[in-house]
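Breakdown of the fold
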Amino acid sequence: MSTPLAAILTPESLQSGVPGPLYLKLRQTLEEAITSGKLNYGDALPAERDLADHANVSRVTVRKAVDDLVKDGLLVRRHGSGTFVAKPVAKVQQSLSRLTSFTEDMARRGLNTRAEWIDRGLFHPSPDEMMMLGLPADALVARLGRLRVADDMPLAIERACISAEFLPDPLQVQGSLYAALEKRGCRPVRAVQRISAYNMKDPDASMLGVPPGSAGLSIERISYLRTGRVVEFTRSIYRGDAYDFVAELTLSET
Ligand code: 16G
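Conventions we followed
Residues numbered from 1 in each chain as written. Predicted model: local features only at pLDDT ≥ 70, side-chain atom pairs only at ≥ 80, totals over all residues. Heavy atoms only, no water. Helix = DSSP H or I, 4+ residues; strand = E, 2+ residues; numbered from the N terminus. Buried < 20%, exposed > 50% of the residue type's maximum accessible area, 1.4 Å probe, protein only. Contact = heavy atoms within 4.5 Å. Areas by Shrake-Rupley, 256 points an atom, 1.4 Å probe, with all protein chains shown as cover. Lys, Arg positive; Asp, Glu negative; His and termini not counted. Charge placed at Lys NZ, Arg CZ, Asp CG, Glu CD. Near = heavy atom within 4 Å. Polar contact = N/O pair within 3.5 Å; in protein donor to acceptor, adjacent residues only side chain to side chain. Nonpolar A, V, L, I, M, F, W, Y, C, P; charged D, E, K, R; others polar. Expected span 1.5 Å × (residues − 1).

Per an unreviewed UniProt entry, the protein goes by UTRA domain-containing protein and derives from Shinella zoogloeoides.

Have a look at this one:
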């Protein structure tokens, strides 16, 4: 059963407010219905034709507004059954000043983590890996590609590479990479991280359960042992709608 139209918009609601394209006004009205709780997680949106008739706009306008909300993750389309209000995403606030692992970060928030393996094994290093990890061409590198999931929500795709000198058997990593490195006495103590904006592409977008083009964060981390040797080079894609990275800033003493 779909939600009654009257719960979402009145025929007048698109005529009022600031001037602008009709599809944006409709998008705003639908978004407001979701954020104010008139529409809840799992509610079905009325059929496109009914929405268009009720709001006195074209079906193209309705489709554009709905497409926008699907792209931003507020609505989901299910083939053959319609369009529904998506599950709200609880944002993870992640500090940028502590060197912690994904497993530890999620455990601190009381969330259960699991990993779906994309790739795991020993390989000859690529030129990039040789440069990042400081390896000769005949060395071996452990690659660990994982979809990181917390409480059943996919949050990130992480592709880590570690010199085989530090991780000779990548199959030893069951849950946490940092726990496995700690066992071998080579857990990183310092890291440099670069974060940039990224628009998701498939297959990453579909693994993370978001439409292609959604906002994401591309993160590269190089981490070091106490000796100064690089131990890890990881490239990750995080869901932009699920993460806030927080940095503490202090006034320099000098
Ligand atoms: C974090 C790190 C990643 C590291 C992983 C280890 C970022 C952006 N990335 O996700 O570089 O490999 O933790 O997590 O913070 P694990 O010990 O749970 O496998």
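Overview of the overall build of the protein
Helix and strand counts for the protein come out as seven helices and ten strands. Dimensions along the principal axes, computed over C-alpha positions, put the protein at roughly 70 × 50 × 35 Å. Per-residue burial over the protein gives 41% buried out of 254 residues. Contacts spanning at least 24 positions in sequence make up 59% of the contacts within the protein whose residues lie at least 6 apart. About 14100 Å² of surface is accessible on the protein, with carbon and sulfur atoms providing 53% of the total. Counting 32 positive and 31 negative side-chain charges, the protein places the centres of these two groups 1 Å from one another.

With respect to the site of the ligand
Of all residues adjacent to the ligand, which total 15 residues, the nearest are Thr103, Glu158, Ser176, Arg221 and Glu232. A distance of 2.4 Å separates an oxygen atom of the ligand from a polar atom in the side chain of glutamate 158. Here an oxygen atom of the ligand sits 2.7 Å away from a polar atom, N or O, in the main chain of leucine 177. When the free accessible area of the ligand is taken as 460 Å², the share hidden by the protein chains comes to 98%. For the shell around the ligand, the secondary structure elements donating two or more residues are α4 (102-108), β5 (141-150), α6 (177-183), β8 (215-224) and β9 (230-239). Examining the composition of the shell around the ligand, we find that three residues originate from one element, β9, more than from any other. Of the residues assigned to the shell around the ligand, the class counts are five nonpolar, five polar and five charged.

A few points about helix α1 (residues 22-35)
For α1, which comprises 14 residues, the first-to-last C-alpha distance of 20 Å matches the rise-based estimate of 20 Å (1.5 Å per residue) to within 8%. Within the span of α1, buried status applies to Lys25, Leu26, Arg27, Thr29, Leu30, Ala33 and Ile34. In the core, the buried residues of α1 are packed alongside α3 (59-71), β1 (75-78) and β2 (82-85). Glycine 37, located one to two residues past α1, shows a positive phi value of around 85°.

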